[in-house]
Amino acid sequence: MEVKVRINGVDHKAQAQLLAGNLWVHANGRTFTMDAGTGRKSRKKAGAGGSSDTVMSPMPGKVTKILVQAGAEVKAGQAVLVMEAMKMEYTLKCDIAGTVESISCAVGEQVALGKALVKIKPSAE
Amino acid sequence: MTKMPGKFTRIAIANRGEVAVRIIKACEELGIETVLLHSEADINSRAYRMATKTICIGPAATAESYLNIEANINGALAGGAQAIHPGFGFLSENADFAEAVSNAGLTFIGPSAEAIRSLGDKVHCKELAKKAGLPLVPGYQGENQQVANLITEAERIGYPVIVKAAAGGGGRGMKLIKSSAEAAELIESAQREAQSAFGSPKVFLEKYLDRAKHIEFQIFGDATGNVVHFFDRECSVQRRHQKIIEEATSPSLTEELRRRMGEAACAIATLGKYKGAGTVEFLLQDGEFYLLEVNTRLQVEHPVTEEVLGVDLVKMQILTAQGEYIHDPKMIRVPRGHSIECRIYAENPFLGGVPSTGLLGHVEWPEGPGRRYEYGFDSGDTITPYYDPMIAKVIVWDENRQRAIQKMIRVLKDSVVFGVHTNIPYLIEILSHKEFVMGTMTTRFIETYFADPIKEPELTEVEKKIAAAALAQARGTQHAGATASASASPWMTYWRGI
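Calculation rules
- Residues numbered from 1 in each chain as written.
- Chains lettered and ligands numbered in written order.
- Predicted model: local features only at pLDDT ≥ 70, side-chain atom pairs only at ≥ 80, totals over all residues.
- Heavy atoms only, no water.
- Helix = DSSP H or I, 4+ residues; strand = E, 2+ residues; numbered from the N terminus.
- Rg over C-alpha atoms; globule rule 2.2 N^0.38 Å.
- Buried < 20%, exposed > 50% of the residue type's maximum accessible area, 1.4 Å probe, protein only.
- Contact = heavy atoms within 4.5 Å.
- Lys, Arg positive; Asp, Glu negative; His and termini not counted.
- Charge placed at Lys NZ, Arg CZ, Asp CG, Glu CD.
- Areas by Shrake-Rupley, 256 points an atom, 1.4 Å probe, with all protein chains shown as cover.
- Pairing = 2+ DSSP bridges.
- Core = buried A, V, L, I, M, F, W, Y, C linked by side-chain atoms within 4.5 Å.
- Axes fitted to C-alpha atoms, helices over the stretch in contact; angles between N-to-C directions.
- Polar contact = N/O pair within 3.5 Å; in protein donor to acceptor, adjacent residues only side chain to side chain.
- Phe/Tyr/Trp six-rings, centres within 6.5 Å; stacked < 30°, edge-to-face > 60°.
- Lys NZ or Arg CZ within 6 Å of the ring centre and 35° of its normal.
- pLDDT = per-residue confidence, 0-100.
- Domains from an automatic or database assignment.

S.K.: Explain the overall build of chain B to me, using residue names and the numbers behind them.
M.R.: Helices and strands together make up the secondary structure of chain B, namely 17 helices and 23 strands. Taken over the C-alpha trace, chain B has a radius of gyration of 23 Å; the compact-globule value for 498 residues is 23 Å, and the two agree within 12%. Seen through its principal axes, chain B has C-alpha atoms that stretch 70 × 50 × 50 Å. Across the 498 residues that make up chain B, the buried fraction comes to 59%. Taking contacts inside chain B between residues at least 6 apart in sequence as the whole, the part at least 24 apart equals 67%. The average position of the 54 basic charges and that of the 61 acidic charges among the side chains of chain B differ by 2 Å.

S.K.: A description of the overall build of chain A should follow, citing residues and the corresponding values.
M.R.: Scanning chain A for helices and strands turns up 0 helices and 12 strands. Along chain A, helices and strands appear, N-terminal first, in the series β-β-β-β-β-β-β-β-β-β-β-β. The C-alpha radius of gyration of chain A comes to 20 Å, more than 25% above the 14 Å expected for a compact globule of 125 residues. Projected onto the principal axes, the alpha-carbon positions of chain A cover approximately 60 × 35 × 25 Å. Per-residue burial for chain A yields a buried fraction of 43% across its 125 residues. A fraction of 42% describes how many contacts in chain A between residues 6 or more apart in sequence connect residues 24 or more apart. A total of about 6,400 Å² of accessible surface is found on chain A, and carbon and sulfur atoms cover 49% of it. Treating the 17 positive side-chain charges of chain A as one cloud and the 11 negative ones as another, the clouds have centres 6 Å apart.

S.K.: So what's going on with the sheet that holds strand E5 (residues 54–56) of chain A? Which residues, and what values?
M.R.: All names here are of chain A. Strand order in the open sheet formed by 4 strands is E5-E12-E10-E7, with antiparallel pairing between adjacent strands. In this open sheet, the two edge strands, each paired with only one partner strand, are E5 and strand E7 (73–74). Bridge count for E5 against strand E12 (residues 116–122) is 3 bridges, and the pairing is antiparallel. By the bridge assignment, Thr54 is partnered in E12 with Lys119.

S.K.: Can you tell me about unusual backbone geometry, naming the residues and giving the values?
M.R.: Omega for the peptide link from Tyr159(B) to Pro160(B) comes to 0°, which places this bond in the cis form. Topologically, Pro160(B) is positioned in the loop between helix H7 (147–157) and strand E7 (161–165). Omega for the peptide link from Ala248(B) to Thr249(B) comes to -5°, which places this bond in the cis form. Along the chain, Thr249(B) turns up in the loop between strand E12 (242–248) and helix H9 (255–271). Despite not being glycine, Asn8(A) shows a phi value in the positive range, around 50°. By the element assignment, Asn8(A) lies in the loop between strand E1 (2–7) and strand E2 (10–19).

S.K.: Describe the nonpolar core, with residues and values.
M.R.: All names here are of chain B. Judged by nonpolar contacts, the single largest core of 40 residues is most densely connected at Val237, Ile245, Ile344, Trp365, Ile391, Leu412 and Leu431. Where this core is concerned, the elements lending two or more residues are E12, strand E15 (338–345), strand E20 (371–375), strand E22 (390–398), helix H12 (401–414), helix H13 (424–432) and helix H15 (445–449). Excluding residues within four positions of it along the chain, Ile245 makes contact with Glu234, Cys235, Val237, Ile340, Glu341, Cys342, Leu427, Ile430, Leu431 and Phe436. Core analysis: the second largest hydrophobic core is formed by 38 residues, Ile109, Ala248, Leu298 and Val308 among them.

S.K.: For the side chain of Arg258(B), give the residues involved together with the corresponding values.
M.R.: Relative to the assigned elements, Arg258(B) resides in helix H9. Not counting residues up to four positions away in its chain, the partners in contact with Arg258(B) are Phe217(B), Phe231(B), Asp232(B), Thr249(B), Ser250(B) and Leu253(B).

S.K.: I'd like to hear about the sheet that holds strand E3 (residues 53–58) of chain B, residue by residue, with values.
M.R.: Adjacent strands of a sheet pair through backbone hydrogen bonds, lying either parallel or antiparallel. Residues and elements named next belong to chain B. Read from one edge of the open sheet, 5 strands run E3-E2-E1-E4-E5, paired in parallel fashion. The open sheet has two edge strands, E3 and strand E5 (107–108), and neither has a second partner. Here strand E2 (residues 33–39) runs beside E3; their pairing, made up of 5 bridges, is parallel. By the bridge assignment, Leu37 is partnered in E3 with Ile55. Against the sheet, helix H1 (residues 17–29) touches strand E1 (10–13), E2 and strand E4 (83–85), its axis set at about 175° to E1. Its contacts with the sheet put helix H3 (residues 69–78) on E1, E2, E3 and E4, and the angle it makes with E3 is roughly 155°.

S.K.: Outline the side chain of Lys393(B), listing residues and values.
M.R.: Residues and elements named next belong to chain B. Turning to its location among the elements, Lys393 is positioned in strand E22. By relative accessible area, which is 1% here, Lys393 ends up buried. From its side chain, Lys393 meets the backbone oxygen of Val300 in a polar contact 2.6 Å long. With sequence-adjacent residues up to four places away left out, Lys393 is seen in contact with Glu18, Phe88, Val300, His302, Pro303, Glu341, Cys342, Arg372, Tyr373 and Glu374.

S.K.: Explain the pairing of E2(A) residue by residue, including any values.
M.R.: Residues and elements named next belong to chain A. Counted residue by residue, E2 has 7 buried out of 10 residues, so it is predominantly covered. Pairing geometry for E1 and E2, over 6 bridges, is antiparallel. Residue Arg6 lies in a different strand from E2, and its bridge partner there is Asp11. Counting the residues between successive antiparallel strands, the hairpin from E1 to E2 contains 2 residues, one of them, Asn8, with a positive phi of roughly 50°. Inspection of the sheet shows E2 paired to strand E3 (residues 22–27) by 6 bridges, in the antiparallel sense. The residue of E3 that forms the bridge with Gln17 is Trp24. The antiparallel pairing of E2 with E3 creates a hairpin that spans 2 residues between the two strands, and Ala20 there sits at a positive phi of about 50°.

S.K.: Lay out H13(B) in plain terms, naming residues and giving numbers.
M.R.: Residues of H13(B) that are buried include every one of Ile424(B), Tyr426(B), Leu427(B), Ile428(B), Ile430(B) and Leu431(B), and no others. In this structure, the buried residues of H13(B) make contact with strand E11 (227–239), E12, E15, H12, helix H14 (434–438) and H15 of chain B.

S.K.: Outline the packing of aromatic side chains, supporting the account with residue identities and numerical values.
M.R.: Applying the stated rule across the entire model yields 14 aromatic pairs over all chains. For the ring pair Trp24(A) and Phe418(B), a centre distance of 6.2 Å and an interplane angle of 40° mean the geometry is tilted. Placement of the pair is Trp24(A) in strand E3 and Phe418(B) in the loop between strand E23 (416–417) and H13, with the two residues belonging to separate chains. Of the aromatic side chains, those joined through ring pairs into one cluster are Tyr66(B), Phe90(B), Tyr386(B) and Tyr387(B). A cation over an aromatic ring shows up here: Arg46(B) above the ring of Tyr375(B), its NZ or CZ 3.9 Å from the ring centre. The residue whose ring lies beneath Arg401(B) is Phe436(B), and the NZ or CZ to ring-centre distance is 4.7 Å.

S.K.: So, the confidence of the model for chain B: which residues are in play, and what are the values?
M.R.: Residues and elements named next belong to chain B. For chain B, mean pLDDT is 92; residues scoring 70 or higher make up 94% of the total. Across residues 478–498, confidence stays below pLDDT 50; counting only partners more than four residues off in sequence or on other chains, it has 17 contacts. Two summary scores accompany this predicted model of the complex, namely pTM at 0.85 and ipTM at 0.84.

S.K.: Can you explain the domain arrangement of chain A? Please cite residues and give values.
M.R.: One can read the domain layout of chain A as domain 1 (1–44) and domain 2 (51–124). Between the C-alpha centres of domain 1 of chain A and domain 2 of chain A there is a distance of 35 Å.

Right, here's the structure in full:
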């Protein structure tokens, strides 16, 4: 869909499309997307920054190796799980130190984006 | 000598995505029909719609479809093809496949199984190169694949060491080991990736050169076995050992180096009795070059060579397999201008490149002089998590490197992909980086300057207003099908049905 808008006396042309609740816009050489319901920038799903007690799947893919066991002690930044998507392996690390509280996936399982995979109980400090 | 196969009337394609489309186009120009051997997951793709005939050879998992030798051969026979083009990746460098194709009475469009074994197997290739006196990177290429032994060898070579899949390419099954602490984990990971991507867990080790440029030569052996090179490409911009941006010719070679490396490339290819298109890869550091490997197939980045030389490597491959293509000794090829290719990956550059999958919305690759697009999917197709994330290649040509860079930035800004995130913003930042612009980048360029995800810029006031207007307009015209599923759209079904 082509969009034409006049902003402060300047004409802007853009391409836009609603797809699965998201609005996609291409304007002035840049593509961006936002939640069509809230009109805000699409919320970043799991995997991005921030300290969290849960290791989540940053993408749809397959769990190929689980490197920790429930009850094991982990350090911040320790590799806990290996996933594969699009023929590449991705090692997922935990953000915080603590003990592994639960593992909610199995080797060979196809998991969705944002699924909680490993929960860490923070060490008491 | 095997008998000349004669002209093909139908060629089977054992591949998918943009390379399948590329092969179909070459076949169409030669008046040859095509049979696409595809997986269940690839029904929504351009190649599926373009091929003369399509045969499903198995489910989405590559081991059961694209890597299944028997399924591919049975499909080609059932489809009435006389030859199989393997594209790149999958079975393209698998000597057993090449052999099985010949045994089934079909022609493998590529080098002989023997040439693949001697050159394509990275371990054998190094032995051959050693005999020929070509410079090699120090490493371990032994048969003992036990992790403990590989660790011992890695210690002997001295870290950093790179572990690579013997049967592989494209960055899969390849890891950089910086210290003994991470050796076991990375070697095991490389073995798993190698098994998953190439059907063999065999790996080898190499000393990691820390400020090298990746330079490769396109070689071509004609139907008589005469090998020439079609000049060089530079592919130093790599992330996780996967190329992102490639160009022809390299901005780093002196004429003297170009001559010597070209001669070395032809020498190794001639030793391996090479027929068809192939690539000899080198690392160049401090004015010295080292043979890295030979890729016994068409390369993803072949278009940049085609653009600067005005050749069609895929047509040449087919003609060579028919016994027709012979180098003209009077033909002097001189590279003209500069060509750059960017690989468009379905990934989110603001989240460190995690794969992005889903239904493709509107897609636009704007035409213009010196622009070329190779893509495998249209609006309404689904990008699945089963395969390589490369969904398209953008190639530009211009009179010199600086103009080609400028053009590429403009072309990427003009391109539209909705529905999945792409690395386009990432590519634009790389193309604008001082070191890339100067042409001095090494294979460590990405890890040095782009180790962290690029920052997503906040929306400007103008962009917010555009988005608000777009949202209002979209809501008013929802019946036009913007949110309807692609398969439910009547015109799309109509065109798909042809």
